[in-house]
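Coordinate analysis (summary)
Spelled out, the chains give:
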Amino acid sequence: FSPKVGVKFTPIPQVAIRGTWSKGFRIPSFNEAFGLPTTGYVTRTVNCTTYAAFCAAHGNNAYATQSFSLGLTQVGNPALAPEKSTAFTAGVVLEPIRNVSLTVDFWHIKVKDLIVGITDQTTPFNAYYANNGVVNIPGITVIPGVPDPAFPNALPHIGFLQSSFQNADQQTVSGLDFGVNARIPLSDNVTWISSFDASYLM
């Protein structure tokens, strides 16, 4: 159920005051709810000053010190709740002279239970190398990568960070929209129409 209410008040012909209030929702997409694992890759390097034990366990060889590919895997989450929004607008329409109008509208939108994927790579990355491969972060699964052929028993690099889509807290956006419109008759059959629109994201 997505209600919307709008009002418009015209105290004099040259001035109109208007506003709306509405609710909305967005169900998870098929990919967000049931999507198969999808992976993208980034390049990372271990800081051997910070994680000296890891590098020492590999004899400070190229496996430990050089850059490697880290897979970021996203999977669907059938337990996702829908996003829910509340929005309102308030504005004024001015017509100082005939056929010329100016509008100013303020708008505000709040979305709760925002559906998001993994955005923080640094926290699980640091936890993996600081805690000998143990990462206890809800919603994130760490899969080790290919072992070092020279030191097969040492902790390998991270292979994949896997996470499912989650409902985050909320996102709030607001802004101002401006408009100027003119319709100027040049003759019985010709009318000059001109408009200008601008938006300011707050």
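Refer to the preceding data block for the structure.
Residues numbered from 1 in each chain as written. Predicted model: local features only at pLDDT ≥ 70, side-chain atom pairs only at ≥ 80, totals over all residues. Heavy atoms only, no water.

Right, let's get into the pattern of salt bridges. Within this structure, the stated rule accounts for three salt bridges. Glu32 is the partner of Arg26 in a salt bridge, and the nearest nitrogen-oxygen pair spans 3.3 Å. For Arg26, a relative accessible area of 33% corresponds to the partly exposed category. For the salt bridge of Glu83 with Arg26, the shortest nitrogen-to-oxygen distance reads 3.1 Å. Of the two residues, Glu83 sits in strand β5 (residues 83-97) while Arg26 sits in strand β2 (residues 15-26), which places them 57 residues apart along the sequence. You can call Glu83 buried: its relative accessible area is 9%. Salt bridges sharing common partners tie together Arg26, Glu32 and Glu83. (Salt bridge = Lys/Arg side-chain N within 4 Å of Asp/Glu carboxyl O. Buried < 20%, exposed > 50% of the residue type's maximum accessible area, 1.4 Å probe, protein only. Helix = DSSP H or I, 4+ residues; strand = E, 2+ residues; numbered from the N terminus.)

Okay, the environment of Thr119 next. Counting through the fold element by element, Thr119 comes out in the loop between β7 (115-116) and α4 (122-130). Here Thr119 falls in the exposed class, since its relative accessible area comes to 74%. Separated by 79 residues in the primary sequence, Thr119 and Gly40 place their C-alpha atoms 13 Å from one another.

Purely geometric numbers; function is a separate question.
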